[in-house]
There are 2 protein chains.
Amino acid sequence: MRLLSKRVRQDREEVLELVFWLGRASRVQLMQITGWSKTKVLSVVAELLETRWLTESEPLASTGGRRASSLTLNGRRGCVLGVALGATSLVVTLSDLNRAALDQRTQRIERLDDVEGVTQAILGACRDLLRRVECGALVTVGVGVPGPVDARAGALISPPLMPSWDGFPLRDTLQRALGAPVYVDNDVNVLALGELERQRRGAAAWHGDETFIVVKLGTGIGAGIISHGDLHRGADGAAGDIGHIIVAPHGPPCHCGNTGCLEAVAGAAALVRAAEQAARTGLSPLLAEALRDRGALQAPDIAAAAHAGDAAANTVIRQAGTHVGQVLAGLTNFFNPRALYLGGGVSDIGLSLLSSVRQNVYAHSLPLSTRQLTIDHLPDKRSAGQRGTWALGMMQAIREEQLT
Amino acid sequence: MRLLSKRVRQDREEVLELVFWLGRASRVQLMQITGWSKTKVLSVVAELLETRWLTESEPLASTGGRRASSLTLNGRRGCVLGVALGATSLVVTLSDLNRAALDQRTQRIERLDDVEGVTQAILGACRDLLRRVECGALVTVGVGVPGPVDARAGALISPPLMPSWDGFPLRDTLQRALGAPVYVDNDVNVLALGELERQRRGAAAWHGDETFIVVKLGTGIGAGIISHGDLHRGADGAAGDIGHIIVAPHGPPCHCGNTGCLEAVAGAAALVRAAEQAARTGLSPLLAEALRDRGALQAPDIAAAAHAGDAAANTVIRQAGTHVGQVLAGLTNFFNPRALYLGGGVSDIGLSLLSSVRQNVYAHSLPLSTRQLTIDHLPDKRSAGQRGTWALGMMQAIREEQLT
């Protein structure tokens, strides 16, 4: 799908972004994808080699004819920071321009709602990494945060997990302190970008039309939407907030003020509540034992019980999967994605979660929407977040012409 | 939002599409929107004037400085056919390249499911118009049909209203007979394109990032999605099928095989069923009278009763509006559109429809998604369909480089 761009990008940004997504591209590939003349591709590439944003690799193995050399981003031209802030942890990764990770800092976050403290923790980790590793100028910073983000303002907006961050100018604060462009987005958009990067890097052919949804299941529930090859943020950057779609009109109250939201029936807290009830009513001896031992249950207790064959734990998981599946069935009818991926801490709580999601989506979506639909766990879940912060920083810096 | 295009379009297609949407543009405007150099814009425009796709209008009134002349598509370079097929009617419009309607044929369709008969009716109307009006070569044909379309195949896929059309090569058949490129899409996508065209034509500034949903309420219920300035068709062209989102899990059966689909509780047939019940149970004397007179009710009877202040008729409408609003609240959370527009025969059945849709969306969507959201009737509903078939034909022909 081609889109009439608001402002047609400069040719160099087009080529930079292509090489960024592909990881490695030949001039012939660039000609095929852009449809430009050989002269134009050669001249744009020459300019990018000259300014050292691109570098030319060893020629690929000969296939008989003239050996084609391939282009990559010039890793040594500078570095990228990726900041993944979670509810209880902070991971900051320093990478080179070609995505090779150079170093990483992980630390616990005790009080997420402490704006000053968390900001200092982020800056401390960033500066520490930049001091220890020789990698040239900081080119861009991508930041993922667990809450709704106004991407234009670079700030969180009424975030339920971290209310005191509301409107805090996170982007501008980091930008001033680090002296490089900073891009902030919510964590599930970052996961979606990470998955897009994974699919594209090294792909045999350029696709450019990917349409899929990444669903993060955890304390909160949200979706990252890739629409025809690009992140869909919606008119106000609020797209993907599926946790507050009402799925059980007469269900339990939600912290948002409504009742029966998806999050209220299938978020981690709802699962724990249902599991504790199963423990107390004697439905599950295994969960009762865990509850006795520890005084309260957590998601991993449910996972362990389900794994051990506990029927009540599996029922809890299956019910959550049914609710998630009902919402995803509706979104499949509306949006017709090629794939749905489940990520987040709750996504691998038990096999019955994925199977009941699948069952509901296939049962309640129309044949035309599902004939090629795949529903699966987010591949490479462990590194999708880091991949995504890197991709966010690079993509936005290229698009906003910050690579000069 | 800029999107990395699969194949960067040729410069002339970029300019043609801009002028097509704007209706009229100056060279300065083109420079501002594309970001191209003056030299490049002048050269592309010169080529399009030379090949007669563009034409130069009278200079605009002087504002003191040198008077700017403006560019439009050259109406006389050829003509466009727009075919709007409905459940019971066929409207074929012949327009010039600049959207001036030249002539129109409207006829009743008695048997929508008669593939051969309807195809002949379409071709008959097209040929008749082309014979009667002198307008140069037929450049493109846009076709809207009441059912799910596989846009790549140019065919209907399992259409509930017209099952025997399943897989019939409508595009190829018309293309062969008319000797011009033909583009087929479903009727609500066509409405959405018509609304996009209405917003852009003559707009003071180029937007290019429109994100809105047009909902068609009638026998069927569907949505046309404009995402960041372009039609979102989804991975298989099935996007927008909101009629089969389940909104009342224990509700009535739907013809699709599920129960409680939006269409089953808020489609025209459901409204009529509820109204007939209100008539039979004595809740509504007005509806009872209409039912006695005519043996069966139709949507206009409900509209008339509601307009006359009948409480039961208004309850029927309000309940349908509540269900539509519940679904749209979920889609607003997911997609974060700037606007929702209601169209289709049922959309103006009574004031309480729009108000209960609004009430539900604002109550059940998050503040960030709704702070700038407008919910209204589709503006210029009467001509959105014709506008849309024209826009579909032109947009696709330009993008697929059929204007040579």
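Residues numbered from 1 in each chain as written. Chains lettered and ligands numbered in written order. Predicted model: local features only at pLDDT ≥ 70, side-chain atom pairs only at ≥ 80, totals over all residues. Heavy atoms only, no water.

A. Spotlight on the overall build of chain A. Each helix and strand in chain A was counted, giving 14 helices and 14 strands. Whereas a compact globule of 404 residues would reach a radius of gyration of roughly 22 Å, chain A reaches 23 Å, a difference of no more than 12%. Summarising its shape, the C-alpha atoms of chain A cover approximately 75 × 50 × 40 Å along the three principal directions. Burial statistics for chain A: of 404 residues in total, 59% are counted as buried. Excluding contacts between residues fewer than 6 apart, the proportion of contacts in chain A whose partners are at least 24 apart in sequence is 60%. Accessible surface, chain A: about 16,000 Å² in total, of which carbon and sulfur atoms supply 51%. Charged side chains of chain A number 41 positive and 39 negative; the gap between the two group centres comes to 5 Å. (Helix = DSSP H or I, 4+ residues; strand = E, 2+ residues; numbered from the N terminus. Rg over C-alpha atoms; globule rule 2.2 N^0.38 Å. Buried < 20%, exposed > 50% of the residue type's maximum accessible area, 1.4 Å probe, protein only. Contact = heavy atoms within 4.5 Å. Areas by Shrake-Rupley, 256 points an atom, 1.4 Å probe, with all protein chains shown as cover. Lys, Arg positive; Asp, Glu negative; His and termini not counted. Charge placed at Lys NZ, Arg CZ, Asp CG, Glu CD.)

B. Spotlight on helix α6 (residues 187-200) of chain B. Residues and elements named next belong to chain B. Taking 1.5 Å of rise per residue, 14 residues should cover 20 Å, and α6 covers 20 Å from first to last C-alpha, within 8% of that figure. Residues of α6 that are buried: D187, V188, N189, V190, L191, A192, L193, G194, E195, L196, E197 and R200. The N-cap of α6, judged by a side-chain oxygen 3.0 Å from the amide nitrogen of V188 a few residues on, is N186. One or two residues past the end of α6 sits G202, with phi positive at roughly 75°. (Expected span 1.5 Å × (residues − 1). Polar contact = N/O pair within 3.5 Å; in protein donor to acceptor, adjacent residues only side chain to side chain.)

C. Structural context of the sheet that holds strand β10 (residues 212-217) of chain A. Residues and elements named next belong to chain A. Taking strand neighbours across the sheet as the criterion, the 5 strands line up as β12-β11-β10-β13-β14 in an open arrangement whose pairing is mixed. Edge positions in the open sheet fall to β12 (230-231) and β14 (374-377), since each of these has one partner strand only. Direction of pairing for β10 relative to strand β13 (residues 339-343): parallel, over a ladder of 5 bridges. Note on β13: the bridge partner recorded for K216 is G343. (Pairing = 2+ DSSP bridges.)

D. Focus on the packing of aromatic side chains. Tallying each qualifying case throughout the model produces 12 aromatic pairs over all chains. Ring centres of F334 of chain A and F334 of chain B lie 6.3 Å apart, and the angle between their planes is 85°; on these two criteria the pair is classed as edge-to-face. Separated into two different chains, F334 of chain A in helix α11 (residues 311-335) and F334 of chain B in helix α11 (residues 311-335) make up a pair that spans both. The class for F334 of chain B is buried, based on a relative accessible area of 0%. Residues F212 of chain B and Y341 of chain B carry aromatic rings whose centres are separated by 5.5 Å and whose planes lie at 75° to one another, so their mutual orientation is edge-to-face. Taken together, the positions of F212 of chain B in strand β10 (residues 212-217) and Y341 of chain B in strand β13 (residues 339-343) put the pair 129 residues apart, joining distant regions of the chain. Classification of F212 of chain B by relative accessible area gives buried; the value is 2%. Put simply, the rings of F334 and F335 of chain A together with F334 and F335 of chain B touch in pairs and so form one group of aromatic residues. Between the NZ or CZ atom of R77 of chain A and the centre of the ring of W53 of chain A, over which it lies, the distance is 3.9 Å. (Phe/Tyr/Trp six-rings, centres within 6.5 Å; stacked < 30°, edge-to-face > 60°. Lys NZ or Arg CZ within 6 Å of the ring centre and 35° of its normal.)

E. Summary view of the side chain of E263 of chain A. All names here are of chain A. Within the secondary structure, E263 is located in helix α7 (residues 262-266). The buried charged residue E263 lacks any salt bridge, with K216 as its nearest oppositely charged partner at 10 Å. Side chain to side chain, E263 and H255 meet in a polar contact 2.8 Å long. (Salt bridge = Lys/Arg side-chain N within 4 Å of Asp/Glu carboxyl O.)

F. Expanded view of unusual backbone geometry. Look at D380 of chain A: it is not a glycine, yet its phi comes out positive at around 55°. Positionally, D380 of chain A belongs in the loop between β14 and α14 (381-399). By relative accessible area, D380 of chain A is classed as partly exposed at 34%. Despite not being glycine, S158 of chain B has its phi angle at roughly 40°, a positive value. Along the chain, S158 of chain B falls in the loop between β8 (155-156) and α5 (170-178). Accessibility expressed as a relative area gives 49% for S158 of chain B, which makes it partly exposed.

G. Summary view of the domain arrangement of chain A. Partitioning chain A into domains gives domain 1 (11-62 + 69-73), domain 2 (78-202 + 383-399) and domain 3 (212-379). Here domain 1 of chain A and domain 3 of chain A have C-alpha centroids that lie 42 Å from each other. (Domains from an automatic or database assignment.)

H. Structural context of helix α1 (residues 11-22) of chain A. Residues and elements named next belong to chain A. Between the first and last C-alpha of α1 there are 17 Å, a value that for 12 residues agrees with the 16 Å anticipated at 1.5 Å per step. Counted residue by residue, α1 has 11 buried out of 12 residues, so it is predominantly covered. Backbone geometry just downstream of α1 places G23 in the positive-phi region, at approximately 85°.

I. Spatial organisation of the interface of chain B and chain A. Residue-level contacts link 66 residues of chain B with 67 residues of chain A. Of the roughly 6,200 Å² buried at the junction of chain B and chain A (both faces included), carbon and sulfur atoms supply 55%. Joining chain B to chain A, the criterion identifies 4 salt bridges. Sorting the residues of the side of chain B that touches chain A by element identifies α1 (11-22), α2 (27-34), β11 (221-227), β12 (230-231), α11, α12 (351-364) and α13 (367-370) of chain B as the ones contributing at least two each. Broken down by element, the residue count for the side of chain B that touches chain A peaks at 5 residues, all from α11 of chain B. The class makeup of the residues in the side of chain B that touches chain A is 28 nonpolar, 21 polar and 17 charged. (Buried area = accessible area lost by both parts, 1.4 Å probe. Nonpolar A, V, L, I, M, F, W, Y, C, P; charged D, E, K, R; others polar.)

J. Spotlight on the sheet that holds strand β6 (residues 138-145) of chain A. Residues and elements named next belong to chain A. Taking strand neighbours across the sheet as the criterion, the 5 strands line up as β5-β4-β3-β6-β9 in an open arrangement whose pairing is mixed. Because the sheet does not close on itself, it has two edges, and the strands there are β5 (101-108) and β9 (182-186). Pairwise comparison of adjacent strand axes, ignoring direction, gives a mean angle of 15° for this sheet. Pairing analysis gives 6 bridges linking strand β3 (residues 79-85) to β6, with the strands arranged parallel. Bridge pairing links C79 to L138 in β6. Packed on one face of the sheet, α14 meets β3, β4 (89-96), β5, β6 and β9 and runs near 125° to β6. (Axes fitted to C-alpha atoms, helices over the stretch in contact; angles between N-to-C directions.)

K. Just the side chain of S69 of chain B, in detail. Position of S69 of chain B among the secondary structure elements: in strand β2 (residues 69-73). Polar side-chain contacts of S69 of chain B include one of 2.6 Å to the side chain of E56 of chain B.

L. The pattern of salt bridges, seen in detail. Under the counting rule described, the total for this entry stands at 52 salt bridges over all chains. Taking the shortest distance from any N to any O, the salt bridge between K216 of chain B and D187 of chain B comes out at 2.6 Å. With K216 of chain B in strand β10 and D187 of chain B in helix α6, the pair connects residues that are 29 residues apart, well separated along the chain. The class for K216 of chain B is partly exposed, based on a relative accessible area of 26%. Judged by its relative accessible area of 18%, D187 of chain B falls in the buried class. The shortest N-O distance in the salt bridge between R387 of chain B and D380 of chain B comes to 2.9 Å. Where salt bridges share partners, they join R99, E197, R201, D380 and R387 of chain A into one cluster.

M. Structural detail: the environment of S227 of chain A. All names here are of chain A. Its location among the elements puts S227 in strand β11 (residues 221-227). Accessibility expressed as a relative area gives 7% for S227, which makes it buried. With 17 residues separating them along the chain, S227 and E210 place their C-alpha atoms 6.5 Å apart.

N. View of the packing of helix α8 (residues 268-280) of chain B against helix α9 (residues 285-294) of chain B. Residues and elements named next belong to chain B. Across the interface, α8 lies against α9 with an axial gap of 7 Å and an inter-helix angle of 100°. Taken together, the axis directions place α8 and α9 in an arrangement best described as roughly perpendicular. Each of A275, E276, A278, A279 and R280 in α8 lies in contact with α9, whose residues at this interface are L287, A288 and L291. Across the contact of α8 with α9, the residue classes tally to 6 nonpolar, no polar and 2 charged. (Parallel < 35°, antiparallel > 145°, perpendicular 65-115°, else oblique.)

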